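Examination of the molecular architecture
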Amino acid sequence: MITGEFKLTYGKIELSSINTGARRRLAKKLVDIDEAYVISIDQEKNYLLILTVEGGKWRIIADTAADPSRGQVEVYREAGIDEAGMPIVCRAAARWGKDRVPGRPSIYDDEKEGQEIFVQHVYEGKSIRAIAADMHMSPSTVQKILNRVRMKVAKKMLDGELLLSPESPIYAKSLDVLRWAMKNSEGEEQEKYRQFLKTQI
């Protein structure tokens, strides 16, 4: 990166991380926003792609630093992102950068990506690593989402929102989900799963 930005990396960005002389417009913006995250870096072109939170709304900023030695002025662009578009933007950003790092906001929806991960792993037998590669996530992110959704599905079975049928081709795997939930619960909740499983055998 240009002088003064050798410590710049993926994740949360502070005003002190950038060369404010070469990125004047970006520096001015960072003063006013709540949070900002670097999601793509091109060191050769002095380019940053940044995701910001401003007044509860997401924005994307593309900034190329000024470099007088190359006759290059700062190029700054920004645009708002609808909430529904966030997962799409972030999946695309993951293709440009590296795996997500701690400190970034949660960007995956359990009802969308989560259900897809759950079905692929639990009912189709696809590995965590294969899912992570296909969905451009880290394996640890896939595992976290899977565990959340698996617990939600187990609870719906326990509460009768999802009915179990011994004739169903996924019956045995659904019981495995309940056993997993029992092992990962405590106290009364664990006992509920234990008793419920007894009625299914």
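The structure under discussion appears in the preceding block.
Residues numbered from 1 in each chain as written. Predicted model: local features only at pLDDT ≥ 70, side-chain atom pairs only at ≥ 80, totals over all residues. Heavy atoms only, no water.

A closer look at the overall build of the protein chain
What counts, and what does not: Working definition: helices are DSSP H or I runs of at least four residues, strands are E runs of at least two. Numbering for both runs from the N terminus. Using a 1.4 Å probe, accessible areas were evaluated by the Shrake-Rupley method; residue-level cover was limited to the displayed protein chains.
Looking only at helices and strands, the protein chain has 7 helices and 5 strands in total. Helices and strands in the protein chain line up, N terminus first, as β-α-β-β-β-β-α-α-α-α-α-α. Of the roughly 11800 Å² of accessible surface on the protein chain, 51% is carried by carbon and sulfur atoms.

What about the side chain of Thr52?
As a reminder of what qualifies: By the convention used here, residues are in contact when the closest approach between their heavy atoms is within 4.5 Å.
Position of Thr52 among the secondary structure elements: in strand 3 (residues 47-54). Once you skip the residues sitting within four places of it in the chain, Thr52 turns out to touch Ile33, Glu35, Ala36, Lys57, Trp58, Arg59 and Ile61.

Notes on the packing of aromatic side chains
Describing an aromatic ring pair means giving the distance of the ring centres and the angle of the ring planes. Stated formally: Ring pairs shown here join Phe, Tyr and Trp side chains whose ring centres sit within 6.5 Å, with only the six-membered ring taken for Trp; geometry is labelled stacked below 30 degrees between planes, edge-to-face above 60, and tilted in between. Here's how the labels work: a residue is buried when its accessible area is under 20% of the maximum for its type, exposed when over 50%, partly exposed in between, all with a 1.4 Å probe on protein chains only.
According to the stated counting rule, one finds 1 aromatic pair in the structure shown. Seen in terms of ring centroids, Phe118 and Tyr123 are 5.4 Å apart; in terms of plane orientation they differ by 90 degrees. Their pairing is edge-to-face. Residue Phe118 shares its accessibility class with Tyr123, and that shared class is buried.

Considerations on the nonpolar core
Applied cut-off: In this text, buried Ala, Val, Leu, Ile, Met, Phe, Trp, Tyr and Cys residues form a nonpolar core when linked through side-chain atoms within 4.5 Å.
Counting 27 residues, the largest nonpolar core has Ile117, Phe118, Val142, Leu178 and Tyr193 as its most contacted members. Ranked by residue count, the leading element in this core is helix 5 (residues 139-158), at 8 residues. Apart from residues no more than four positions distant in its own chain, Val142 is found in contact with Ile117, Ile128, Ile131, Ala132 and Met137. Counting 15 residues, the second-largest nonpolar core is a separate cluster that includes Ile18, Ile33, Ile41 and Tyr76.

Looking at the pairing of strand 2 (residues 35-42)
Operational definition: By the convention used here, strands pair only if DSSP detects at least 2 bridges between them.
Within strand 2, 6 of the 8 residues are buried, leaving the element largely enclosed by the surrounding structure. Relative to strand 3, strand 2 is paired through 7 bridges, and the arrangement is antiparallel. Note on strand 3: the bridge partner recorded for Ala36 is Thr52. Linking strand 2 back to strand 3 in an antiparallel pair, the connection comprises 4 residues, with Asn46 at a positive phi of about 55 degrees.

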